[in-house]
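Residue-level listing of the chains:
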Amino acid sequence: MPDLTVPPTPPTPPVPLGALLAREDLGLRQIAGPSDPDIAIHWAHTSEMPDPYPYLLGGELLLTAGVHIPDAAGSGTYFDDYVARIVEAGGVALGFGVAPVHDTVPRALVAACDHYDLPLLEVPPPTPFSRVARAVWQLMAQARLAELRRVTEAQQSLAAAASRPDPLPSVLRQLAQRVGGRAVLFGPDGTEIAGAGRGAGAVGATGAGRAARAVGATGAVAGGRTGSTGTGTEGGPGAEASGAEVRDALAELVRVVRPPGAPTSSPTSATASPTSPASTPASTDSTPPTRPAPTSATDTVSGIHLAAYALGTGQGFVLGVAAPQRAPGDHTIASVAAVLLSLLTGEHQSRTGADRSSALVRLLLGAPPEDVASLLGGDRWLVVHALPDAGTGPDPVATSALGAALGSALIDLAPEAVRVLVPGDRAPAAQPGWTLGVSAPVAPEDWSAADQQAARALARARATRTPLVVHGASGRAGLADLLPHDAAEEHARTLLAPLAAHPALVETLRTWLSLHGSWDRTAVALAVHRNTVRQRIARCAALLETDLDDPDVRMELWFGLRQL
């Protein structure tokens, strides 16, 4: 069963026994047990109890001066029982302090450590146990610092790879390089989309090569954390692994790993239980699982560390990594890569993103808006113009957040105002830090007119210091509803004909009338000086040969401007 409890951050690296023996200031000497310098020491603990089992968590270097040893211990089974209990508790090494209790290490203790394969270290008289414990802590801190530095550098390189023109293969190449193995991205159907890193025969021993070939052949996934299967088949790391064994182990990871919102079955995984043996064929039963599927899983086959990471896009993509060894920070590095790949395989890879790209291309190639609107969804649309209240230019991050709040990713980050195309069934609300102008709901063929409505609404919102203004929000029937549109438009064009060649005058007159003749507010709305507004309005009065102080004139002009 693969280990599903992957730590979220790199754990504190253990200290190799060889590094502790290499400390000349300690003077430690191994006199019994296996001479494996890679034996991992997780901490040092001192105890003079005859049975230290209840006080050990596993992975300790147990230090003792032999105070607990009775006088007749050498003639009985005391040392065998003592060492057996240490090994049973998970202790990885025993340090025996020479003097003041014992001048030499008891021979029976040496024999017992050899019998139970427990490394026995002789601690010389000048070396206190506290110095040994401090040395273990220092070595762990150094290893932790080095591992954090490695993880930080890997995160930076992965982020840089994600910004390259070919982000997917670049991230996979960088991940494979950092873990010293192979990284593969699989699609929802289990097929390999991209892969990078050392291939068959280069990941480690011969069994590693078979694992790499199996990754490419079966569409399963692999990763970098030793699972509950230990070293896999007989022979330990480097032993020959059967292709079927690796293939089944990888298929098991695919079965148990499900991205959030992904289907519960696939051609390679179906709905087999995570607890089923790796060689058990996938079940076709569609009964939903009784618990949420994990988003990551690990296993080890013949020394090849396998792991699967479901990408959080809901699209069914899975990242796999195969490596001959696992460093404490490898899971964190792989998790960073999984996050980046989740972003890279997100909505722009989904049907929504593809449709949006198709709509843009068709518009650029000359298709009318009404022909592409179906790809975007919805028949009625709102145009929203927005400006930040801070007075600075729109920030891309803040703009993206604004689009998300309005429920649309169709955003134009223009310098004069942010423009967002929003489905017409969503009513925009005021957004903190923004001033918004919203058009009336329109069909796609009227997007251009709605853009002008939103611009005018935004100008009015800024002038009146209102967070949100919606064009035509009153909803009441007006004078224009009593006349045919063609007749009203013809009257408006005739009335305003003297201003037709001066768009700035038309817009100034429209804004000035909408703001009840306020010079200051009109200047704010148009971003011009108030004297400029006065000059333009005077010019309008001269061209129209009318008195703009007359309310009847203002009403008729406003009616005409509303028709254009």
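Undergrad: Please explain the overall build of the protein as it appears in this structure.
TA: Assigned secondary structure in the protein consists of 17 helices and 17 strands. Among the 564 residues that make up the protein, the fraction classed as buried is 43%. If you take every contact in the protein between residues at least 6 apart in sequence, the share linking residues at least 24 apart comes to 68%. For the protein, the exposed surface amounts to about 27,400 Å²; the carbon and sulfur share of it is 55%.

Undergrad: What exactly am I supposed to notice about the packing of helix α14 (residues 503-514) against helix α16 (residues 530-544) here?
TA: The geometry of a pair of packed helices is captured by two quantities: the angle between their axes and the separation between those axes. Relative orientation of the contacting elements α14 and α16 amounts to 105°, with a least axis distance of 9 Å. By the criterion of interaxial angle, the relationship of α14 to α16 is roughly perpendicular. For the pair formed by α14 and α16, the contact residues are Ala504, Leu505, Thr508, Leu509 and Trp512 on the first element and Val533, Arg536, Ile537, Arg539, Cys540, Leu543 and Leu544 on the second. Residue composition of the contact of α14 with α16, grouped by class: nine nonpolar, one polar and two charged.

Undergrad: What exactly am I supposed to notice about the sheet that holds strand β12 (residues 318-323) here?
TA: Sheet strands associate in pairs through backbone hydrogen bonding, adopting either a parallel or an antiparallel arrangement. If you trace the five strands from one edge of the open sheet to the other, you get β9-β8-β12-β11-β10, paired in antiparallel fashion. The sheet terminates laterally at β9 (192-197) and β10 (296-301), the two strands that pair on one side only. Averaged over all neighbouring strand pairs, the angle between strand axes comes to 15°, with direction disregarded. Helix-sheet contacts for helix α5 (residues 167-179) involve β8 (182-186), β9 and β12, and the interaxial angle to β8 is about 145°.

Undergrad: Got a minute to help me understand the packing of aromatic side chains in this structure?
TA: Think of a pair of aromatic rings as described by two things: how far the centres are apart, and how the planes are tilted against each other in angle. Taken as a whole and judged by the stated rule, the model has four aromatic pairs. Between Tyr78 and Phe79, the aromatic rings sit 5.7 Å apart at their centres with planes inclined by 85°, giving edge-to-face as the arrangement. The same class applies to Tyr78 as to Phe79, namely buried. Three or more aromatic residues joined by ring pairs form one cluster here, namely Tyr78, Phe79 and Tyr82. The ring of Tyr53 has Arg85 lying over it, and the distance from NZ or CZ to the ring centre is 4.2 Å.

Undergrad: Would you mind going over the nonpolar core with me for this structure?
TA: Burial of nonpolar side chains together is a common tendency in soluble globular proteins. In this structure, Leu158, Val171, Leu172, Leu175, Leu311, Leu319 and Leu341 are the most contacted members of the largest nonpolar core, which totals 27 residues. Elements represented by at least two residues in this core include exactly α4 (129-162), α5, β8, β9, β11 (304-310), β12 and α8 (330-344). Looking at this core element by element, the count peaks at seven residues for α8.

Procedures and definitions
- Residues numbered from 1 in each chain as written.
- Predicted model: local features only at pLDDT ≥ 70, side-chain atom pairs only at ≥ 80, totals over all residues.
- Heavy atoms only, no water.
- Helix = DSSP H or I, 4+ residues; strand = E, 2+ residues; numbered from the N terminus.
- Buried < 20%, exposed > 50% of the residue type's maximum accessible area, 1.4 Å probe, protein only.
- Contact = heavy atoms within 4.5 Å.
- Areas by Shrake-Rupley, 256 points an atom, 1.4 Å probe, with all protein chains shown as cover.
- Axes fitted to C-alpha atoms, helices over the stretch in contact; angles between N-to-C directions.
- Parallel < 35°, antiparallel > 145°, perpendicular 65-115°, else oblique.
- Nonpolar A, V, L, I, M, F, W, Y, C, P; charged D, E, K, R; others polar.
- Pairing = 2+ DSSP bridges.
- Phe/Tyr/Trp six-rings, centres within 6.5 Å; stacked < 30°, edge-to-face > 60°.
- Lys NZ or Arg CZ within 6 Å of the ring centre and 35° of its normal.
- Core = buried A, V, L, I, M, F, W, Y, C linked by side-chain atoms within 4.5 Å.

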